[in-house]
Amino acid sequence: YSQDDAVNTFEKKYRSEGFGLSMEHLNYTYRSGTHVFADASLEAYPHEIVALVGPSGEGKTTMLRLILSLLYAQSGTFHICAGQNHEKQVPMSPSTRKLFSYVPQGNTMFSGTIAENMRNVKPDATDEEIVEALKLACAWDFVEQLPDGIQSVVKERGGGFSEGQAQRLSIARALLRKSPILLLDEATSALDNESERAVNETLQNLKGRMTIIMIAHRTSTIQMADRVISL
């Protein structure tokens, strides 16, 4: 009975309750010897918006990588949890990555059409589903005006689009996956105030469908969080 099987069973059984996570007694040191976390804990309950805040270089992105099992802590216990009291659990591992959508910092679009970028996370997505995700991420307003719409070509590393537009396309791609947990690493940093407000409103409306963990600097983003974790 593999980790993949355990995670698939857990997902089928409890997905309707929503997923959160619990990290306890986390100790993590970089290979360089820099100690990042000492006996740290992090909780995120189903359908919460959790903001990670703190100065640059304090380990916020490292925390997201630990959540995705891209890095491994030296000690601690780490679980994906269901239910309001975290009573149902499965250990975090590379197998639990499938429960997440992740929007990292910077530009993550690749060359190809907008539709191809979107279908990279959901190959069977219909055009209608892609448009719906673009609308949720406040990206449809500019995509709709392009001569080729979702068939418009994105150049290498998001070329042809502003940084704010590329961020909204990246958020749309993550939302298209409909994962139970969404991780955002300063994913609205390049947006103007109006676009950011619209995206934040979308995230608040999506809270009933997913748990959102976001690295945030702007006060407006932090204010909408149910839980703020300071690093």
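Refer to the structure printed above.
Now for a look at the structure at hand. (Residues numbered from 1 in each chain as written. Predicted model: local features only at pLDDT ≥ 70, side-chain atom pairs only at ≥ 80, totals over all residues. Heavy atoms only, no water.)

### Describing the overall build of the protein
Next up, step 1: What the protein contains, in helices and strands, is eight helices and 11 strands.
Next up, step 2: Over its C-alpha atoms the protein spans a radius of gyration of 18 Å, differing by no more than 12% from the 17 Å that the globule rule assigns to 231 residues.
Next up, step 3: For the protein, the spread of C-alpha atoms along the principal axes amounts to about 55 × 40 × 30 Å.
Next up, step 4: The proportion of buried residues among the 231 residues of the protein is 51%.
Next up, step 5: For the protein, the exposed surface amounts to about 11000 Å²; the carbon and sulfur share of it is 47%.
Next up, step 6: Taking the 23 positively charged and 28 negatively charged side chains of the protein as two groups, their mean positions are separated by 3 Å. (Helix = DSSP H or I, 4+ residues; strand = E, 2+ residues; numbered from the N terminus. Rg over C-alpha atoms; globule rule 2.2 N^0.38 Å. Buried < 20%, exposed > 50% of the residue type's maximum accessible area, 1.4 Å probe, protein only. Areas by Shrake-Rupley, 256 points an atom, 1.4 Å probe, with all protein chains shown as cover. Lys, Arg positive; Asp, Glu negative; His and termini not counted. Charge placed at Lys NZ, Arg CZ, Asp CG, Glu CD.)

### Some thoughts on the nonpolar core
Next up, step 1: Counting residues in each nonpolar core, the largest one holds 42 residues, and the members touching the most others are Met118, Leu134 and Leu169.
Next up, step 2: Of all the elements in the fold, those that place two or more residues in this core are β3 (49-53), α3 (114-119), α4 (127-136), α5 (140-143), α6 (163-177), β9 (181-185), α7 (193-206) and β10 (211-215).
Next up, step 3: Looking at this core element by element, the count peaks at seven residues for α6.
Next up, step 4: Apart from the residues within four sequence positions on either side, Leu169 is in contact with Met109, Ile114, Met118, Leu134, Ala139, Phe142, Val143 and Phe161.
Next up, step 5: Formed by 32 residues, the second largest nonpolar core is a distinct cluster that contains Phe37, Leu68, Phe78 and Met92. (Core = buried A, V, L, I, M, F, W, Y, C linked by side-chain atoms within 4.5 Å. Contact = heavy atoms within 4.5 Å.)

### Quick word on the side chain of Asn117
Next up, step 1: Along the chain, Asn117 turns up in helix α3.
Next up, step 2: Assessed through its relative accessible area of 0%, Asn117 is described here as buried.
Next up, step 3: A polar contact of 3.2 Å, which involves the side chain of Asn117, links it to the side chain of Arg173.
Next up, step 4: Apart from residues lying up to four places away in sequence, Asn117 is in contact with Met109, Phe110, Gly112, Val154 and Arg173. (Polar contact = N/O pair within 3.5 Å; in protein donor to acceptor, adjacent residues only side chain to side chain.)

### Comments concerning unusual backbone geometry
Next up, step 1: Located in the positive-phi region is Asp39, a residue other than glycine, with phi close to 50°.
Next up, step 2: Here Asp39 shows up in strand β2 (residues 35-44).

### Here we look at the sheet that holds β3
Neighbouring strands of a sheet are bound in pairs by backbone hydrogen bonds; such pairs are parallel or else antiparallel.
Next up, step 1: Strand order in the open sheet formed by five strands is β6-β9-β10-β3-β11, and the pairing between neighbours is parallel. A strand with exactly one partner marks an edge of an open sheet, and here the two such strands are β6 (100-103) and β11 (227-230). Averaged over all adjacent pairs, the angle separating strand axes in this sheet is 15°, with direction ignored.
Next up, step 2: Taken together, the four bridges between β3 and β10 define a ladder with parallel strand orientation. Paired with Ile49 across the strands is Ile212, a residue of β10. (Pairing = 2+ DSSP bridges. Axes fitted to C-alpha atoms, helices over the stretch in contact; angles between N-to-C directions.)

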